[in-house]
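# Remarks on the overall topology
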Amino acid sequence: MMLVPAGLAEGTRTWEQSKFEELTKGTAAGVAIRGSGGLELAPAFKALYATPSTYIWAMAADDAGNVYAATGAPARVYRIRPNGQAAIIFEPEELQVQALQVGANGVIYAATAPDGKVYRLEHKPSGKAEAAKADDHKSATPVATQEAAKPVVDPSWSSSVYFAPGTKYIWDLALDKAGNLFIATGDHGEIYRVTARGEHSVFFKSDETHVRVLAFDAQGNLIAGSDGSGLVYRISPVGEGFVLYSAPKKEITALAVDRAGNIYAAGVGEKRGASAGSSGIIPPTMNLTMGAPPSTGPQAPGLNITMAPTAPATTGQFPFPGGGSSGGSEVYRIAPDGSPERMWTSRDDIVYALAFDSQGQLLAGTGNRGHVFAITGQDDFVDLLKAAASQVTAFAKAPGGGLYAATSNLGKIFVLGAGSEAEGSYQSDVFDAKVFSRWGRTELRDAGNVEIFVRSGNVDNPDRNWSPWRKVEVAKDGQSGIPAARYAQWKAVLHAGNPAPGVDSVTLNYLPKNVAPEIDDVSVQMGLRYQPLPKSAGSSLGADAGGSSGSHFESPVPSTHDRDSVGLKWSAHDENDDQLVYSVYYRGDGETRWLLLKDNLTDKAYSFDASLLPDGGYTVKVVASDAPSHSPGEALTAERVSRRFEVDTTPPRIENLAAAVEGGPIHVTFRAGDGFSQIKRAEYSIDAGEWNYVEPVGQLSDAKTESYDLKVPLDAEKNGVPAAPEHVIVVRVYDRYENMGAAKTVIRGK
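On a predicted model such as this, the values are computed, not experimentally measured, just so you know. (Residues numbered from 1 in each chain as written. Predicted model: local features only at pLDDT ≥ 70, side-chain atom pairs only at ≥ 80, totals over all residues. Heavy atoms only, no water.)

## Section: the overall build of the chain
The number of helices and strands found in the chain is three helices and 56 strands. Buried positions account for 51% of the 750 residues belonging to the chain. Taking the contacts inside the chain whose residues are at least 6 apart along the sequence as the reference set, 59% of them involve residues at least 24 apart. As presented, the chain carries roughly 34,100 Å² of accessible surface, and 49% of it is formed by carbon and sulfur atoms. (Helix = DSSP H or I, 4+ residues; strand = E, 2+ residues; numbered from the N terminus. Buried < 20%, exposed > 50% of the residue type's maximum accessible area, 1.4 Å probe, protein only. Contact = heavy atoms within 4.5 Å. Areas by Shrake-Rupley, 256 points an atom, 1.4 Å probe, with all protein chains shown as cover.)

## A look at unusual backbone geometry
Here the residue pair Ala113 and Pro114 is connected by a cis peptide bond, since its omega of -10° sits within 30 degrees of zero. Relative to the assigned elements, Pro114 resides in the loop between strand E11 (108-113) and strand E12 (118-123). One non-glycine residue, Asp115, lies in positive phi territory at about 50°. Along the chain, Asp115 turns up in the loop between E11 and E12. Notably, Asn465 is not glycine yet its phi reads approximately 60°, a positive angle. Within the element layout of this structure, Asn465 appears in the loop between strand E36 (449-457) and strand E37 (470-471). For Asn465, a relative accessible area of 77% translates into the label exposed.

## Some words on the environment of Asp380
Summarising the element assignment, Asp380 is placed in strand E30 (residues 380-386). On the accessibility criterion, Asp380 (34% relative accessible area) is partly exposed. It is 6.1 Å that separates the C-alpha atoms of Asp380 and Gly35, two residues lying 345 residues apart in sequence. Sequence-distant contacts of Asp380, that is, excluding residues within four places in its chain, are made with Ala374 and Ile375.

## A word on the sheet that holds strand E40 (residues 518-530)
As summarised here, the arrangement of the three strands in space is E40-E41-E44, forming an open sheet in which the pairing is antiparallel. At either end of the open sheet lies a strand with only one pairing partner, and these are E40 and strand E44 (605-609). This sheet shows a mean twist of 20° between the axes of neighbouring strands, independent of strand direction. Pairing of E40 with strand E41 (residues 559-573) involves 11 bridges; the strand directions are antiparallel. Paired with Gln525 across the bridge in E41 is Gly567. (Pairing = 2+ DSSP bridges. Axes fitted to C-alpha atoms, helices over the stretch in contact; angles between N-to-C directions.)

## Re a negative patch on the surface
Among the surface-exposed residues, Glu518, Asp520, Asp521 and Glu575 lie close enough to one another that they form a single negatively charged patch. Note that Asp520 resides in strand E40. (Patch = residues over 30% accessible without salt bridge, like charges linked within 9 Å, V, L, I, M, F, W, Y side chains within 5 Å. Salt bridge = Lys/Arg side-chain N within 4 Å of Asp/Glu carboxyl O. Lys, Arg positive; Asp, Glu negative; His and termini not counted. Charge placed at Lys NZ, Arg CZ, Asp CG, Glu CD.)

## With respect to the sheet that holds strand E32 (residues 403-408)
With antiparallel pairing, four strands are arranged side by side in an open sheet as E5-E33-E32-E31. Every other strand in the sheet has two partners, leaving strand E5 (43-50) and strand E31 (391-397) as the edge strands with one partner each. Averaged over all adjacent pairs, the angle separating strand axes in this sheet is 30°, with direction ignored. Here E32 runs beside strand E33 (residues 412-420); their pairing, made up of five bridges, is antiparallel. For Leu403, the partnering residue across the bridge sits in E33 and is Leu416.

## Brief notes about the pairing of strand E23 (residues 249-257)
Counting buried positions along E23 gives eight out of nine residues, so the element sits mostly inside the fold. Relative to strand E24 (residues 263-270), E23 runs antiparallel, the two being bridged by seven bridges. By the bridge assignment for E24, Val257 is matched with Ile263. Remark: five residues form the turn of the hairpin made by E23 and E24, two consecutive strands paired antiparallel; Gly261 in that turn has positive phi of roughly 90°.

## Looking at the pairing of strand E1 (residues 13-17)
In terms of burial, E1 is largely enclosed, as five of its five residues are buried. The alternating pattern of E1 places Arg13, Trp15 and Gln17 on one face and Thr14 and Glu16 on the opposite face, and all of these are buried. Pairing of E1 with strand E39 (residues 502-512), which is carried by five bridges, proceeds in the antiparallel orientation. Across the sheet, residue Thr14 finds its bridge partner in E39, namely Asn509.

## Things to note about the pattern of salt bridges
Inspection of every chain in the model, using the stated rule, returns 32 salt bridges. Among the salt bridges present, the one from Glu270 reaches Lys249, with a minimum N-O distance of 2.7 Å. Residue Glu270 is located in strand E24, and its partner Lys249 is located in strand E23; the two are separated by 21 residues in the primary sequence. You can call Glu270 partly exposed: its relative accessible area is 37%. Between Arg644 and Asp589 there is a salt bridge, and its shortest N-O distance comes to 2.7 Å. Within this pair, whereas Arg644 is found in the loop between strand E46 (637-641) and strand E47 (645-647), its partner Asp589 is found in the loop between strand E42 (581-588) and strand E43 (595-601), the two being separated by 55 residues in sequence. We classify Asp589 as partly exposed; its relative accessible area is 44%. Each of Lys680, Arg681, Glu683, Arg732 and Glu738 takes part in salt bridges that share partners, so that together they form one network.

## Some points on the nonpolar core
Leu39, Val331, Leu354, Trp439, Trp490, Val503 and Leu508 are the most contacted members of the largest nonpolar core, which has 39 residues in total. When sequence neighbours within four positions are dropped, the list of residues in contact with Leu39 reads Leu23, Val31, Ala32, Ile33, Arg34, Tyr426, Trp490, Leu494, Pro501, Gly502 and Val503. The next biggest cluster of nonpolar side chains, apart from the first, holds 22 residues, and it includes Ala610, Leu613, Tyr618 and Val647. (Core = buried A, V, L, I, M, F, W, Y, C linked by side-chain atoms within 4.5 Å.)

## Some points on the environment of Tyr264
Within the element layout of this structure, Tyr264 appears in strand E24. C-alpha separation for the pair Tyr264 and Leu362, spaced 98 residues apart in sequence, amounts to 8.7 Å. Not counting chain neighbours up to four residues away, the residues in contact with Tyr264 comprise Ala254, Leu255, Ala256, Asp258, Tyr332, Arg333, Met343, Leu354, Phe356 and Leu362.

## Thoughts on the packing of aromatic side chains
Within this structure, the stated rule accounts for 26 aromatic pairs. Note on Tyr68 and Trp157: the rings are 6.2 Å apart at their centroids and 70° apart in plane angle, and the pair reads as edge-to-face. One end of the pair, Tyr68, is in strand E7 (residues 67-72); the other, Trp157, is in strand E14 (residues 157-163), and 89 residues separate them in sequence. Comparing Tyr68 with Trp157 shows no difference in burial state: the two are buried. The rings of Trp15, Phe431, Trp439 and Tyr510 are connected pair by pair, giving a single aromatic cluster. Directly above the ring of Tyr734 sits Arg681, whose terminal nitrogen or CZ lies 3.9 Å from the centroid. The ring of Trp691 has Arg732 lying over it, and the distance from NZ or CZ to the ring centre is 3.9 Å. (Phe/Tyr/Trp six-rings, centres within 6.5 Å; stacked < 30°, edge-to-face > 60°. Lys NZ or Arg CZ within 6 Å of the ring centre and 35° of its normal.)

## So, the environment of Ser206
As for its placement among the helices and strands, Ser206 is situated in the loop between strand E18 (200-205) and strand E19 (210-216). For Ser206, a relative accessible area of 1% corresponds to the buried category. Separated by 35 residues in sequence, Ser206 and Gly241 have C-alpha atoms that sit 8.7 Å apart. When neighbours within four sequence positions are excluded, Ser206 is seen to be in contact with His188, Gly189, Val211 and Tyr233. From its side chain, Ser206 meets the backbone nitrogen of Glu208 in a polar contact 2.9 Å long. Reaching out from Ser206, the side chain makes a polar contact with the side chain of Tyr233 at a distance of 2.8 Å. (Polar contact = N/O pair within 3.5 Å; in protein donor to acceptor, adjacent residues only side chain to side chain.)

See the structure below:
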């Protein structure tokens, strides 16, 4: 959003939105937001099936377009046909079905956790089952009603334990072209291989606690990502491992390999006890062999996961991969030559899944806002869509070049189409002009078939009786035609076509109704001098250079102590953020006319010599004007009067000072008077001695005139020295403003 700086806030203003950070505050439906700014149509995205389970941990699809979903709470494997008809094909005793792979001849491999096992699921249809299957196709439940539909248990599927590695966690499965099944496990960081004949062995042993994800490159090497130090391994077909990259993040949550051999890895979680990029082992913060999840293993919301070292694995505890990590996530690309680079980063989103669409574009499924991002280059991305769930956890190929997308919280299956939506809409956030404003032309930088609408209102909630949406004829005159109001909002509707529709920026022109500035306070402080701010500094600050909204930073005005100065300071603001100029007036007690002290001030402080004013009581008035921001005759002013203050720069007078030696003591009398303020105190000194306080006759010093009468004894001889025949008596008197008057007299010996 672009706003005119405060110091230039005058006349017509503009509200422009084009940047990603601005556009993400709005609401998109079928519209994607480019990381470089602007809008475009999102891929087609529709719900296929909503499972009764809370989490979908993994997905796999067969050649017929059926998708299989591994879920938890309850633990099941669902088969969902392309028409949305679903059936339960597996219900284990374990808490979660964590990983899936589709093998040859329609065999499904499903891994469970905790105390994981790998099950082999096979479909053995009978005649009745085939007839039921045909009936299912005829009576497929519509997607819109599947929330309430109970999934059918398909009895034609059988299950058997294929491999039990004896580990706490099985994180991922991968099949090579020869039908060998690779199993990534936790507790001891081992990868097992089970051949097509059922022979099993430890294929690779990592020094990490968990091997989290698996993938294959074009050469048949197994790519593995770990949790602990965030390592990406390349493991040859004979089990020789090499660390390709030690990521700055601690856990690798997803892997993908493109046709050119680039490896993409998603990392989450902050490393502890090691610098970013270190390949050192991060010690776990708990005893993983006691049944607890990994130290960064995020907890699945709602599963009541206790991170205690002694937590038994049978009480329902299971980590949500990546879900409890802090610090956001990153996606890295490792080139075929092994060189790594960071492609994308987010402080808020956690990447759970990576996949390529039909155009070879890298997609990232994230939580915990349920967004899907397309990563198109280094720090170049598109926020494609927001799923109706908290996490996008898995992708699988769908018929027609699309992708299946799985979500958790809640466990749903969506279809991400190969083409874009036919139509999408985007509503901006609500803009607050701060004051009642007239709305003028709407400017649009776009391509293709785009419609723009605007509306306005005087409350910040558009649902509370705003004006209706009004279509703007941008190509004609662009006039918004909406009522004058404080708030406004725009909406763009994108229609598919050639060229593809897009919005680069939307700008609304508006003219705020001029309102008078406000002066919040005026203070007067005696004995303080303010130094004028440099004009260059003031002009860069906006508020000090005339713009005076309280929302702007204001540099403090430097000051020094000067007892002969009077310091004035005030605070003011203008709802229009107009440039302000100030005038200062003064008026004495009993006077009716204000006299100009200083005008054309841009600082909010001013000081002057107190001697410019005769002794007396005064008030000052500060007048603020927004004239610098308006045409002649359009300016508005505001004023505020200070509290009464007093100026007294004249010292007290000392009269009738007399002194004489009477027997032994010195008798001193004098009279002190001040033309304006009361006498505060008096002191005397004899023969340059110390100053001594003396009370007035009557003791109470509260009048403009006071009399003093004192006797000071003299020592006849001190330290063997006779008393001096002559004495000098000095007296000084202060009024309430610390003005001092002094006088002296001399007593001469006879």
